[in-house]
Amino acid sequence: MASLNNNAMTRDETRVCDILTKSIESYNVDGTENEFIIDTIEQSSALIQRIGSEALAHTKPNGIEENYLATDHGVDLSSSIRQLSKQSLSTSRNLKLLIDQMKNSSSKKTSGNAWRTLQSIVDSSLGLKNTNVETAALAFARLSLGIVISTDTDVSIAQQKMIASAILPNSIYERETDKSGKDSRRERLIKFVARDCLLHLLRTAIEEDDSIDCIARIETAFGVGNEEDEELCSAVATVVKDVFGSGCYYNDPENDDENESCVSELDINKDKASPTMALVAQCRPWKFIKTDQLVRIAAALDLWYSAELVCDASVASVTSHTNNVMATNYPKLESSDSISKQSSIDSSLRQDTIAHLATKALIDTALDLRLYRRADLFASKFYTFGGPERFAEARFLHACDTITKVVKRKQPQIIEKQIARIDECVERVRVDLNLSDVDEQKIEIGEVPIETMPQYIRDFALRRLRSSNMSVAALRLANLWGMNYEEDPVVLAEEEKRRQLTYVQWTDVGSPGNNAGKSQPLPDLLSEAEELVEEFKVLLQSGGTVGFDAEWGEDDGVAVLQLSTVSHSILLDIPALSSNDKGCKALQATVGQLFAGLTRARYVIGFGCKEDIKRLRESPCSRSVHWFPRNNCAARDLRPLIAEASPNFGGKGGQHLGLSRSTESFLGKQLDKAEQCSDWCQRPLSIEQREYAALDAWACAAIYAKVSKIIDERYKA
């Protein structure tokens, strides 16, 4: 074990000593607690030394050099803190050596054995009789080691996490009170010093590159953070600003600057982002951060568990009725019905609380990413705050997605359960929103009106079964639902005619499939480089605004990219084109140039296109330099432009808008979204998929033409 007799202190020892000294001196201003604190610190040093000796015994089983600190009851407070700091750092280094040796000696090179040995050493060394002074010493030992692990520059991130998980449990002790019901002497000391040390660590965490994960574990272990502690909350918010960008931070809660921007998701360090979210959930600095923006970014980074924790904390801030089920980890084969039954509408709550903002952001992000089961789970769990409308939309899209998958797997028996879930959902939402049979004006989000969902989902299921030649299953379900299912061409033609009156068609006037009254064929899926280059030239010659959309499956990247002007559409098979060097060059010369703003196209318009851009960047590429621009994408999102043109349509920034609803408002008909949940990785695409894909991109260009005209006329006036 490293010698502790040298009076010289390293930089790491000095930092730990300074943090502990400032915190203890702030508590013990008049010096009346010196004897109690010194005794506690010396016992802590002995405990820490015991851990270090045990670790060294496993590292060097023969010829152990032990160096126990002598207990000198006449030593002063500053010397005790100095000894504690040195001992803590020495023990931290011994634990690091133990981890390295255990991992290197294992044939499987896993960290499991190392962690179990580490946990065993800590448990045996700190498993003492639970008297007051000894319990205080235990807490101090864990706190001192936690500070060292957070600040030790000689320990890797993985080692820090492993040691911290053993040293800092979720809760170190239960609250202890005296006879009057107030915090005991030990409780006051530990709480004050732990809170003050945490504050010091937070204030220097980014500058010193300390482990935010370990700092978050210290807060979890001691539980000293709360939203009433503005000093601590402000320090947490500063860490949020440094990790996630100023767009998540209120410089002045009274004067929010909407123009602040967040750090690019590509630049955010996940090792810092996840524990920062944990600190937010624990300390709840709502006055200082834009919680909804933070939740969106965390979810987009795939930190769903962390985002859900923050939502749980926001809910706990406004109500005592919380749901402890973690939707992120909910078993795959279990329904979300049991979760939703635990939530209900609470009319006594304001509708603009931090919980409403955070949970709506979480549900909306899952919907935007087309993670419909996850959105359903979140909307079920946070029904009180996300609202009935989001619950209905998420449940409906989840049902469509599930029906598509079970039809593909030839499991039509599962469809009945999905239909029943939609019926129950609609009935519940109608009651909670006080909807009459004709009152649909209260519905503000979603592509399909809530009142028509039961009929729509049944029609959707029958169409899916028909397209898969599963007529027996379709007929059985139609009879069960009291619907007519006909193979008669005349009847089918009448159904199609009704559908054409409701939804935009490829051959409608103004659509790309109608050229001066002459029908044009649907675009084929382009999979060859030469075809792409030629069709792209035609696309650019047909208009100055290019709308785009992307479809994908369960894998990373895009399966189909759609590009369209108001008069010409093309569909790109991204997996096929990006699988070879020739295709990647063609993609770079066309799609890459378009999204970099280097073509004759004036505008590139998507709808809620953040995830589309991300997926395009994640798409395969056989070349060293990717065909899609990594930065400075020229694409614009149509949603905020619609909100600017029609401020009362779709909520703040157009966040509650769907493309189908927007198309109906500006172009007169809805988009049929039945193919949204279809299998976009299958080849060939069906006629319905090709029409859906082309019209999605066309709608972006066509709506933009209307919206830009409204905005221009407003500015001229």
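The paragraphs below set out a description of the structure included in this document.

Rules behind the numbers
- Residues numbered from 1 in each chain as written.
- Predicted model: local features only at pLDDT ≥ 70, side-chain atom pairs only at ≥ 80, totals over all residues.
- Heavy atoms only, no water.
- Pairing = 2+ DSSP bridges.
- Helix = DSSP H or I, 4+ residues; strand = E, 2+ residues; numbered from the N terminus.
- Contact = heavy atoms within 4.5 Å.
- Axes fitted to C-alpha atoms, helices over the stretch in contact; angles between N-to-C directions.
- Phe/Tyr/Trp six-rings, centres within 6.5 Å; stacked < 30°, edge-to-face > 60°.
- Buried < 20%, exposed > 50% of the residue type's maximum accessible area, 1.4 Å probe, protein only.

## Describing the sheet that holds strand β7 (residues 603-606)
Here we have six strands laid out as an open sheet, ordered β3-β6-β5-β4-β7-β8, and mixed in their pairing. One side of each edge strand has no neighbouring strand; the edge strands of this open sheet are β3 (525-526) and β8 (635-637). Pairing analysis gives three bridges linking strand β4 (residues 545-551) to β7, with the strands arranged parallel. Residue Gly547 lies in a different strand from β7, and its bridge partner there is Ile605. Running over the sheet, helix α22 (residues 529-541) touches β3, β4, β5 (560-564) and β6 (569-573) and is turned about 150 degrees from β6. Packed on one face of the sheet, helix α28 (residues 687-716) meets β4, β5, β6, β7 and β8 and runs near 140 degrees to β4.

## Let's talk about the side chain of Asp312
For Asp312, the position within the fold is in helix α12 (residues 304-318). Beyond its immediate stretch of four places on either side in the chain, Asp312 contacts Asn323, Met326, Lys381 and Phe382.

## Section: the packing of aromatic side chains
A complete count under the given rule lists nine aromatic pairs for this structure. For the ring pair Phe396 and Tyr456, a centre distance of 5.5 Å and an interplane angle of 65 degrees mean the geometry is edge-to-face. Of this pair, Phe396 sits in helix α17 (residues 388-408) while Tyr456 is found in helix α19 (residues 453-467), placing the two residues 60 residues apart along the sequence. Note on accessibility: Phe396 and Tyr456 belong to one class, buried. Judged by centre distance (5.0 Å) and plane angle (45 degrees), the ring pair of Phe595 and Phe628 falls under tilted. Here Phe628 lies in the loop between α25 (610-618) and β8 and Phe595 lies in helix α24 (residues 581-595), a separation of 33 residues in the sequence. Residue classification places Phe595 among the buried residues on the basis of a relative accessible area of 0%.

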